[in-house]
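Below are the chains, spelled out letter by letter.
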Amino acid sequence: MNRFPVIEMKGISKRFPGVIANDNISFRVYPGEIHALLGENGAGKSTLMSILAGLYRPDSGTIKVKGEVIRLHSPRKALEEGIGMIYQHFRLVNNFTVAENIVLGSKHVNWGIKQERIQKETREISHNYGLEINPAVRVNQLSLGEQQRVEILKMLYRGCDILIMDEPTTVLTPGEVKELFQVLRIMSRQGKSIVLITHKLNEVMEIADYVTVLRRGKVVGDDRIENLDEGILTRMMVAREVVYSQAQRDSSPGGVILNVDNLKIQGDRGNIAVHEVSFNLRRGEIMAIAGVAGNGQRELVEALAGLRKAVSGSIEYEGEEIKHYDAKSRIALGINMVPEDRIGMGLVPNLSVIDNSILRSYYKEEFYSGWFLNYNKIRSYTDRIINEYNIVLSDSNHPVNYLSGGNLQKLLLGREIDQKPRVLLASYPIRGLDVAAAEGVYDLLLKERDKGTAILLVLEDLDDIFRIADRVAVMYQGFIRKILDVEKTSIDEIGSIMVGTELAGV
Amino acid sequence: MDNTALSALLAATMIAGTPILFAAAGELLAERSGILNLGVEGMMLVGAAFGFICTLSTGNHWLGLLAALAGGGFMASIHGLITITLRGNQVVSGLALTIFGSGLSGFLGKSYQGAPMLFKFESLHVPVLGNIPFLGPVLFRHDPMVYLCILMAAAMWYLLYKTRWGLTIRSVGENPQAADAVGINVGRVRFLCTIVGGMMAGLGGAYISLVYAPTWQENMTAGRGWIAVALVIFALWNPSRAIIGAYLFGGIEALTFRLQTMGIHISSFFLAMFPYIATIVVLVLVTIRRRQDAGAPEALGLAYDREER
Ligand SMILES: Nc1ncnc2c1ncn2[C@@H]1O[C@H](COP(=O)(O)OP(=O)(O)OP(=O)(O)O)[C@@H](O)[C@H]1O
Ligand SMILES: [Mg+2]
């Protein structure tokens, strides 16, 4: 092959306080290539791509774009070179319209902005790529999948020919993933290059042409997709074999611990988000809630945790009505929650890892000497959590937002499980985790289950449901449409209930 | 109240609203870009002192206005340096600026204490319109600054909502990460808005020392900077509402004087409280009606650091 790479990064290094996020990395992308970038949590993928997008400055190394050495000192410079990045957390202005977000900062727009005109332009590019979207809507009214479409359009509008996407599929429904891949294929056919960061190996096998794997800031392997399979990739990423824990079907659920009857819950906009749902949860079982995001799962979990008021119905915990209990009294009863929104709801971003680790238990006597917090005791407690849950970090005194996405999740989950809950509510517990870390979380959850904890999981990936859950409740438009025994159902059945196409009366 | 008294009151309202509107429009611009500047009072005072001294010593009030612009802009650039370049706390820096401005203006104006302003802005008498009974004196017989002020506020509305620059400024105040990702220089936009905002506060101050109470007195802005800060909130960060609010608050101020001369006894303390009470009421009403969309720029008061997360 005698093509020249569009991007050639050489000897890139970048340190953050206490860690070398990128250590002498070389990385190449060819025109029209879909290049997957893999690696464990904290391996340095987002950092490397942020350098390419001009957001971070490398400590050393050179970058060639289309054969020329270029200093990418700002996102503006990168965009001028045709490099656009879509970040893990979208960068959209929430109360601007779609069209306003798309033209923002671009020099193609006239000084005086006419809404009709920018909306027309938006409509044109969205037609060209089959990315349908209403340009007049405000971004905060869009689903995450739609927001991602806006991000892609933004880059296309600027004429980017190198598109970097950081874990784009974590927020998408299976249908949306298919659509996204369709678009990526169109783009690649037009000669645009795409770098895709992901943890899902099946997606890599499906869409990538080439793969680079990072571990602890270094490149540990790269090859064409034809020479690879999921096993090889996993070994490269974690340098050992991952043992897939198979959910033991011989779980032995005990008695009912939580009984929900006709629960009706209001949503954020005053609408009814959950209509009269009834179900029960037994000790020692994992029940999954399946459904396309936004069908009432979040509201249901929040209501069970006491963070949202129920309009009517009842929640009985061991026969006791707890509907009017606040979150703290429910925690005292042993009902713990791992929220969907890690930073913000679960963790306090600017507090240290140590402080965050005791947020749930700071009042316990074991952390005090007299009236004062005893930081020696707290530190050893934090160290134990870090070890037990394999959290990778450089210094537990650093603010928690220095941690990579995956490690944040492990910290949060570890903290909650360590409370020895009797009912554990968790939303998307493995979102953004690498294969090994996800396995670790599953192990933890299964162990908890076998200890007799009742676990309610909101999951997005149907495969996961079959791996770990005992029962599954499928939600659609605020109703629980069906509760199924995982052993007696299929992905197709759940999938069709999720999107409401299941035949009536079947 | 007869017609002449009413028309005099309304005319006084236009004058009293002007310095507040200058300062509020400036603060609004800075806050739209995400920078909260509580130094408005200090910037007004420095503008008032610079404007007064320069006009007296050069005999040209336009030069005085230039000096006021420079004074306000200089003060704001200190705030910019601390909060944008060094990422210091905006509230602390703004409060310090107010104290500093009060001290600096007091020091500069020491030898002018009580001196009258000798060079006055001529009032315009708009032909034809100025002769309309009642409305003429209320609206069309003021000094040019009054009209300049309304024009500036209106232009700011156009700038913020109808132009590319406005989109850029608002995006920086709402979500600097998003702005940065599309190549907008967040720091530069914020610095510019803060300095222009400070210049407008300076103009507002100079209007007081040159036109409104044409003299120099220590701390002569008498809390109007704080009213301007409240007005920005009252206006929900929209210049067109700020125009209305400025004349409403200006009207209260004008009324305070007149009631005293008319022998009606409402506590002047109550009237002085009015702008703040009105602001609180607006905030409560808005919060009840639309929960998330209360109008404050989302990143208001937050420093931006690209490599932080
Ligand atoms: N802005 C920052 N400040 C401090 N440390 C950081 C920062 N960004 C990244 N790091 C650290 O650098 C390392 C690499 O992080 P990075 O986000 O690149 O990992 P990643 O491969 O994207 O992981 P994940 O799959 O979890 O998203 C981590 O140890 C992380 O804690
Ligand atoms: Mg990442």
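Residues numbered from 1 in each chain as written. Chains lettered and ligands numbered in written order. Predicted model: local features only at pLDDT ≥ 70, side-chain atom pairs only at ≥ 80, totals over all residues. Heavy atoms only, no water.

## With respect to the overall build of chain A
Spelled out, the test is: Numbering of helices and strands starts at the N terminus; helices are DSSP runs of H or I of at least 4 residues and strands are runs of E of at least 2. C-alpha atoms define the radius of gyration in this analysis, and the globule rule sets the expected value at 2.2 Å times the number of residues to the power 0.38. Method for areas: the Shrake-Rupley scheme with a 1.4 Å probe, in which residue coverage is limited to the protein chains shown. We treat Lys and Arg as the positive residues and Asp and Glu as the negative residues; His and chain ends play no part in the count. Where a charge lies is defined by one atom per residue type, namely NZ (Lys), CZ (Arg), CG (Asp) and CD (Glu).
In terms of regular secondary structure, chain A is built from 17 helices and 22 strands. Expected size for 506 residues packed as a compact globule is a radius of gyration near 23 Å; at 24 Å, chain A falls within 12% of this value. Projecting the C-alpha coordinates of chain A onto the three principal axes gives extents of approximately 70 × 55 × 45 Å. Total accessible area on chain A is roughly 21800 Å²; 48% of this is exposed by carbon and sulfur atoms. Side-chain charges of chain A comprise 63 positive and 66 negative groups, with the mean position of each set lying 5 Å from the other.

## Quick notes on the sheet that holds strand S1 (residues 7–16) of chain A
Residue and element names in this part refer to chain A. Heads up, the rule is: For two strands to pair, DSSP has to find at least two bridges joining them. We call two residues in contact whenever any of their non-hydrogen atoms come within 4.5 Å of each other. An axis is simply a line fitted to the C-alpha atoms; with a helix, the fit covers only the stretch in contact. Between two such axes, the angle follows the N-to-C directions and lies from 0 to 180 degrees.
Across the sheet, four strands lie side by side as S2-S1-S4-S5; this open sheet has antiparallel pairing. Each edge of the open sheet is held by one strand with a lone partner, namely strand S2 (19–29) and strand S5 (68–69). As paired elements, S1 and S2 share seven bridges and run antiparallel to each other. Pairing of Glu8 across the sheet is with Arg28, part of S2. The sheet contacts of helix H1 (residues 45–52) involve S1, S2 and strand S4 (60–65), and relative to S1 the element is tilted by about 120 degrees.

## Quick look at the packing of helix H6 (residues 144–162) of chain B against helix H11 (residues 239–262) of chain B
Residue and element names in this part refer to chain B. The criterion, for reference: Here roughly perpendicular refers to angles of 65 to 115 degrees, roughly parallel to angles under 35, roughly antiparallel to angles over 145, and oblique to all remaining angles. Residue polarity follows a fixed list, in which Ala, Val, Leu, Ile, Met, Phe, Trp, Tyr, Cys and Pro are nonpolar, Asp, Glu, Lys and Arg are charged, and the others, Gly among them, are polar.
Relative orientation of the contacting elements H6 and H11 amounts to 150 degrees, with a least axis distance of 8 Å. Considered as vectors, H6 and H11 are oriented roughly antiparallel to each other. In this structure, H6 contributes Val146, Ile150, Ala153, Ala154, Met156, Trp157, Leu160 and Tyr161 to the contact, and H11 contributes Pro239, Ser240, Ile243 and Tyr247. Among the residues making up the contact of H6 with H11, the classes are represented as 11 nonpolar, one polar and no charged.

## Some words on the confidence of the model for chain B
Residue and element names in this part refer to chain B. Stated precisely, the cut-off is as follows: Confidence of the prediction at every residue is given by pLDDT, a number between 0 and 100.
When the pLDDT values of chain B are averaged, the result is 90; 97% of them are 70 or greater. Put simply, helix H12 (residues 268–289) is where chain B has its lowest mean pLDDT, 78, and helix H9 (residues 186–212) is where it has its highest, 97. For this predicted complex, the interface confidence comes out at an ipTM of 0.88, alongside a pTM of 0.81.

## Comments concerning a nonpolar patch on the surface
All names here are of chain B. What counts, and what does not: Patch membership requires more than 30% relative accessible area and the absence of a salt bridge. Residues of like charge join within 9 Å; the nonpolar side chains Val, Leu, Ile, Met, Phe, Trp and Tyr join within 5 Å. By convention in these notes, a salt bridge is any Lys or Arg side-chain nitrogen within 4 Å of a carboxyl oxygen on Asp or Glu.
There is a patch of nonpolar side chains on the surface, built from Met262, Ile264, Ile266, Phe270, Met273, Ile277, Val281 and Leu285 and spanning about 700 Å² of accessible area. Here the element with the most residues in the nonpolar patch is H12; it accounts for five residues. Considering the arrangement of structural elements, one finds Phe270 in helix H12.

## Let's talk about the site of ligand 1
For clarity, the threshold we go by: Whether a residue is near a molecule or strand depends on its heavy atoms: it is near if one of them lies within 4 Å of it. Polar contacts here mean pairs of N or O atoms no more than 3.5 Å apart (in protein, one a potential hydrogen donor and the other a potential acceptor; neighbouring residues in sequence count only if both atoms are side-chain atoms).
The local shell around ligand 1 holds 22 residues, among which Gly42, Ser46, Thr47 and Tyr402 of chain A together with Glu307 of chain B are the closest. Mapping the residues near ligand 1 onto chains gives chains A and B. In the model, an oxygen atom of ligand 1 is placed 2.8 Å from a nitrogen or oxygen of the Lys45 of chain A side chain. In the environment of ligand 1, an oxygen atom lies 3.0 Å from a nitrogen or oxygen atom belonging to the side chain of His199 of chain A. Out of a free accessible area of 630 Å², ligand 1 has 96% covered by protein chains. Those elements that place two or more of their residues in the shell around ligand 1 are S2, H1 and helix H14 (405–417) of chain A. Element by element, the count of residues in the shell around ligand 1 is highest for H1 of chain A, at three residues. Considered class by class, the residues forming the shell around ligand 1 number seven nonpolar, 10 polar and five charged.

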